[in-house]
Number of protein chains: 2
Amino acid sequence: MGVNLKDIARRAGVSLATVSNVVNGYRPVGERTRQRVQQAIDELGYSPNLGARHLRRGRTGLIALAIPELTNPYFAELAEIAIAEAAGLGYTLVMENTAADREAELALLDGSRRHIIDGLILSPVRIGREEVLARAATSPLVLIGEGVYDVPHDHIAIDNVAAGHAAIQHLVAIGRRRIAFAGATSGGDRQSAQLRVRGYREALAAAGLPYRPQLVARTDAFGRLDGYQAIQALLALGDPPDAVFGYNDLVAIGALRALAEAGHRVPEDVAVIGIDDIEEGRFSTPTLTTIAPDKREIARLAVRRLVARIEGAEVIGPLSVQTPFRLIRRESTGAPRG
Amino acid sequence: MGVNLKDIARRAGVSLATVSNVVNGYRPVGERTRQRVQQAIDELGYSPNLGARHLRRGRTGLIALAIPELTNPYFAELAEIAIAEAAGLGYTLVMENTAADREAELALLDGSRRHIIDGLILSPVRIGREEVLARAATSPLVLIGEGVYDVPHDHIAIDNVAAGHAAIQHLVAIGRRRIAFAGATSGGDRQSAQLRVRGYREALAAAGLPYRPQLVARTDAFGRLDGYQAIQALLALGDPPDAVFGYNDLVAIGALRALAEAGHRVPEDVAVIGIDDIEEGRFSTPTLTTIAPDKREIARLAVRRLVARIEGAEVIGPLSVQTPFRLIRRESTGAPRG
DNA sequence: CGTTGCCTCTATAACGTTATAGAGCCGTCT
DNA sequence: AGACGGCTCTATAACGTTATAGAGGCAACG
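Residues numbered from 1 in each chain as written. Chains lettered and ligands numbered in written order. Predicted model: local features only at pLDDT ≥ 70, side-chain atom pairs only at ≥ 80, totals over all residues. Heavy atoms only, no water.

(A) Main features of the protein's contact with DNA strand C. Taken together, 23 residues sit near DNA strand C, with L5, Y46 and R56 of chain A together with G30 and T33 of chain B positioned nearest. When atoms of DNA strand C within 4 Å of the protein are sorted by moiety, sugar and phosphate together comprise 72%. Measuring from a phosphate oxygen of DNA strand C, one finds a backbone N or O atom of L5 of chain A at 2.5 Å. Measuring from a base nitrogen of DNA strand C, one finds a side-chain N or O atom of R56 of chain B at 3.2 Å. Counting residues per element, the ones that place at least two in the surface near DNA strand C are α2 (16–24) and α4 (50–57) of chain A together with α2 (16–24) and α4 (50–57) of chain B. Tallied by class, residues from the surface near DNA strand C come to eleven nonpolar, eight polar and four charged. (Near = heavy atom within 4 Å. Polar contact = N/O pair within 3.5 Å; in protein donor to acceptor, adjacent residues only side chain to side chain. Helix = DSSP H or I, 4+ residues; strand = E, 2+ residues; numbered from the N terminus. Nonpolar A, V, L, I, M, F, W, Y, C, P; charged D, E, K, R; others polar.)

(B) Representation of the relation of the copies chain B and chain A in the model. Its rotation angle being 180 degrees, the transformation that places chain B on chain A also includes 0.0 Å of axial translation and leaves an RMSD of 0.1 Å. Between the two chains, the operation in question is that of a two-fold axis. (Least-squares fit on C-alpha atoms with pLDDT ≥ 70 in both.)

(C) Structural view of the nonpolar core. In terms of nonpolar packing, the biggest core is built from 147 residues, with M95 of chain A together with M95 of chain B touching the most fellow members. The next biggest cluster of nonpolar side chains, apart from the first, holds 34 residues, and it includes V94, L122 and V132 of chain A together with L108 of chain B. (Core = buried A, V, L, I, M, F, W, Y, C linked by side-chain atoms within 4.5 Å. Buried < 20%, exposed > 50% of the residue type's maximum accessible area, 1.4 Å probe, protein only.)

(D) Local environment of the protein's contact with DNA strand D. Inspection of the region around DNA strand D gives 24 residues, with G30 and T33 of chain A together with L5, Y46 and R56 of chain B positioned closest. Among the atoms of DNA strand D lying within 4 Å of the protein, the sugar-phosphate backbone contributes 72%. One nitrogen or oxygen atom from the side chain of Y46 of chain B is found 2.6 Å from a phosphate oxygen belonging to DNA strand D. At 3.2 Å from a phosphate oxygen of DNA strand D is found a main-chain nitrogen or oxygen belonging to N49 of chain B. Secondary structure elements with two or more residues in the surface near DNA strand D: α2 and α4 of chain A together with α2 and α4 of chain B. No other element matches α4 of chain B, which puts five residues into the surface near DNA strand D. Considered class by class, the residues forming the surface near DNA strand D number twelve nonpolar, eight polar and four charged.

This is the structure in structure tokens:
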């Protein structure tokens, strides 16, 4: 179909190999020949067939970023940074949407797409240590976010327990005593929810506050609707909390909505805090206090580690890296407007 | 590296071609041989090398969806549907982020990635008719959303003028007279903004309302911050509007925030409407009235058309399709809470 | 009994690229 | 003058797959 190396070679009157060397700069080519070849390339509008190149080289230049949901702004923001970072390193990042589906995650780990991809960054939700260990594919794998620990792969995440601590400490510092958690899970998966609950419980204990199971609301997923329903259910029990810690910003935003509908003022009656620092929380009414992970750092680190492994570079430092986070106080916990 | 056809062939004691036929079902294979081959495949864990298959077949099974920003929920929601639709048709959808960058859009039209992709769905922002016509690549192209019209490619979009009409009619119907538009553009690009402004102007005229240029706020982009700044600037002029029509929901949400900070009540003092029906608007305070395009229809149609072209099927119907939309009234134009 | 045709399977040539081995040429050193 | 080395360039064999042409066996037919 398109123009290929042979066409260029014929046009420039040189061999295939010479054209390849001009394109890739692998071997030196004389200045005169180089120019002739370059001219032929420009005239015919040649661009290399990446499939064929891959077949020969064993690498595609493609890396995948697999996330549980594209419509979660946290992942969209992460992805945008990762795409830029990958491009800077000469790789193309393709997005995979696992839709928080176990089969989809397993398929990615070992699936038929493995041939077309040099490496994978995965944010696992439904699979755990065993599944990762059982993986047969040999291309590099970097895990981000939700917890799969103690596996022989790079892993980038924030310290979820510490993040939970920080959130509760802040709520306690502004005088809250009945603090609810929205977004716990029942199953054994979704490690990070459990870690955040652990942070919540530890911080309550450290502050001398009782742990009240009825203030911990479980959800099936971590979207706005989940937070909304969780808080609605919590309020229906009577005896409302004076603060809500959401599993993430989306859950917290759903909580904001449920509180507003029920006539509770935020932050006067109930303070709300989330995790992720998605842009939406900077424009909501009220604006949302949040634990902000360093998304740039997570995305860059994940991409760089992956590329380093792909290229066989010696990677220094531990496999598992915890990236920093900070608390951003906004209106939902009493920061002044504007 | 991995297991290949040859390994399977050796193990099953048949030829390469037979294995290929078992895998692809292209030619009939005897039952006994099929089973032997299948067993070998299962035992060795074979999956075909897509790169090599592509090289031979001329198709990759990959289609690209290129959008201006991953972090715009409208596109994220669209992408999620498109991914599912493509998967159902046996294609893998890879996302490309043009970041609303002209060079990125041009690169996609004709770029080096063209070899690796069977077709492209593009939401153009910075390029127009000429650039699309000048495209040299021959793989199918489907355009969505922002307007590039009169080109020999499929094009799926809503009727932006009619959408503008509908929004203004609604605001007029609830008694608003000083209606602002947030998100106009200065350049010649960004067609759809201009079409929406046209709908705005026509509907004003039809309602017998004057067109006041000072109520049309230009923005550089179409995010929350743009809407926020546009409305801040508008309010600074004094003489505030009694309604705001945002170019999209993100701009409208930025407007909501600016109005709240300035102490204007929504919808009592100022009504707000957007376009896109992103989930965020169902949970904002107040919830956001919006013109809801049929995202499912847009995404499915785009993918189906593209796949049909790739597979050389006869495509019935006109090149350019306008998908339906509907008005969803929420609190920001006076719908009751809950 | 030879021919025909079907059914299964095989050998092999592509697809477009890169890596390897080596060929040819020219100048320089002994 | 002959040998050597360095510099360009070329011929060619892969990479793993699929499509094409055809080989071999067996049953049915004349």
